[in-house]
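Chain by chain, the residues:
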Amino acid sequence: MFEFFTTLVEKISGISYKEGKEYLIESRLNELALTLGYNNAEELYKIVKSRPDYKLINEIVDSLTTNETYFFRDQHPFDTLKNQIFPELFKKREKEKKISIWSAACSTGQEPYSIALLLHEYFQSYLKTYQIDIYATDISKKSIEKAKTGVYNQIEVNRGLPVVFLVKHFKQEGAHWKINDNLKNMVRFEILNLLEVSQKVKTKFDIIFCRYVLIYFSQETKQKVFRDLWNVLNPGGYLILGATEIAPVSFPDMEKKILGKTVCYYKKD
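It should be emphasised that the depicted structure is a prediction, and the values quoted were computed from it without experimental measurement. (Residues numbered from 1 in each chain as written. Predicted model: local features only at pLDDT ≥ 70, side-chain atom pairs only at ≥ 80, totals over all residues. Heavy atoms only, no water.)

Caption draft 1: Highlighting the packing of aromatic side chains. Taken as a whole and assessed by the stated rule, the structure comprises 25 aromatic pairs. Consider the rings of Phe-4 and Phe-5, whose centres lie 5.4 Å apart with planes at 70°: the pair is edge-to-face. Assessed through its relative accessible area of 24%, Phe-4 is described here as partly exposed. Among the aromatic residues, ring-to-ring pairing joins Phe-71, Tyr-113, Tyr-152, Phe-170 and Phe-189 into one connected group. It is Lys-82 that lies over the ring of Tyr-122; its NZ or CZ is 4.3 Å from the centre. Here the guanidinium or amino end of Lys-257 rests over the ring plane of Tyr-266, the centre of that ring lying 4.0 Å away. (Phe/Tyr/Trp six-rings, centres within 6.5 Å; stacked < 30°, edge-to-face > 60°. Buried < 20%, exposed > 50% of the residue type's maximum accessible area, 1.4 Å probe, protein only. Lys NZ or Arg CZ within 6 Å of the ring centre and 35° of its normal.)

Put into structure tokens, the structure is as follows:
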């Protein structure tokens, strides 16, 4: 059963589950089974194996690919954006007056909203004259639906979000907090499988965040995804991975830079 589900997930999403993760898969699928009105993961297994159901398969992949996120995760990449990358790009893109940012595998939206918060707090004057496009994607339909609402519970806003930002940029609605519309409207959310970047992503970006995603892929898939991301990065742009991740492949126009505490991959002009 473990082999069946892991093969299914890897084929569709590229995410590779190693042995030893059986407990995680079983608990997530048992939870999904109960939500959908089935008894347990074994019942899901029998149904999908005997009669492949596209909607059910998507639900299964969704439940097994949802990952953890929080506002200003790791903090230092956001410090680097504020202190070095944004000031450099605003100067470099003075003629075009346009900066494009992609938060790949954005989960429930805290990462792209953190970028929007940063821009509003420290680069307000540029927002009047520059077109800033923040594109945020994830394979999980459930995560993207939540991200689009911009609504978070108390535990979620307590994780990484400075209180001064919460009070200034969110409105309390009962036990939840909703991000203000001016920030919400800065981010464009879409469902996207990173295995399909070369077919589906037609625009180019100045900054790409793709953090804590490649670690779940096989080496071959890591290289493919990283290559596809590199192809949609503008010359003079930056690709940022998770703190523990390194580029699985290098290119002639790629320069590894350490800015503050952040490792970035810079695309030479």
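Caption draft 2: Structural view of the layout of surface pockets. In this structure, the largest pocket occupies an estimated 500 Å³ of space. Contributions of two or more residues to the lining of the largest pocket are made by α4 (54-65) and α8 (141-149). The residue inventory of the lining of the largest pocket, partitioned by class, reads 7 nonpolar, 3 polar and 8 charged. Roughly 340 Å³ of volume is contained in the second largest pocket. Along its surface, the second largest pocket is lined by 23 residues, and Asn-67, Ala-105, Asp-138, Tyr-212 and Val-213 are the ones closest to its centre. For the lining of the second largest pocket, the per-class residue count stands at 12 nonpolar, 6 polar and 5 charged. (1 Å grid on protein atoms, 1.4 Å probe; cavity = no way out; pocket = protein on both sides within 12 Å on 5 of 7 lines; lining within 4 Å. Points joined across faces, edges and corners; volume = space filled by probe spheres on them. Helix = DSSP H or I, 4+ residues; strand = E, 2+ residues; numbered from the N terminus. Nonpolar A, V, L, I, M, F, W, Y, C, P; charged D, E, K, R; others polar.)

Caption draft 3: Helix α13 (residues 219-231), seen in detail. Taking 1.5 Å of rise per residue, the 13 residues of α13 would be expected to cover 18 Å, and the 18 Å separating its terminal C-alpha atoms lies within 8% of that figure. For α13, the complete set of buried residues consists of Thr-221, Val-225, Phe-226, Asp-228, Leu-229 and Trp-230. Summarising the contacts, the buried residues of α13 are in contact with β1 (98-104), α12 (197-200), β7 (205-209), β8 (233-240), β9 (254-259) and β10 (262-267). (Expected span 1.5 Å × (residues − 1). Contact = heavy atoms within 4.5 Å.)

Caption draft 4: Up close: helix α5 (residues 76-92). Along its 17 residues, α5 runs 23 Å from first to last C-alpha, staying within 8% of the 24 Å computed at 1.5 Å per residue. A bend of about 45° at Lys-82 is the largest found in α5. (Bend = angle between axes of the 7 residues up to and from the residue.)

Caption draft 5: View of the side chain of Ser-114. Locating Ser-114 in the fold gives a position in helix α6 (residues 110-122). According to the relative accessible area criterion, Ser-114 is buried, its value standing at 0%. Ser-114 has contacts with Phe-71, Phe-72 and Phe-78, leaving out every residue within four places of it along the chain.

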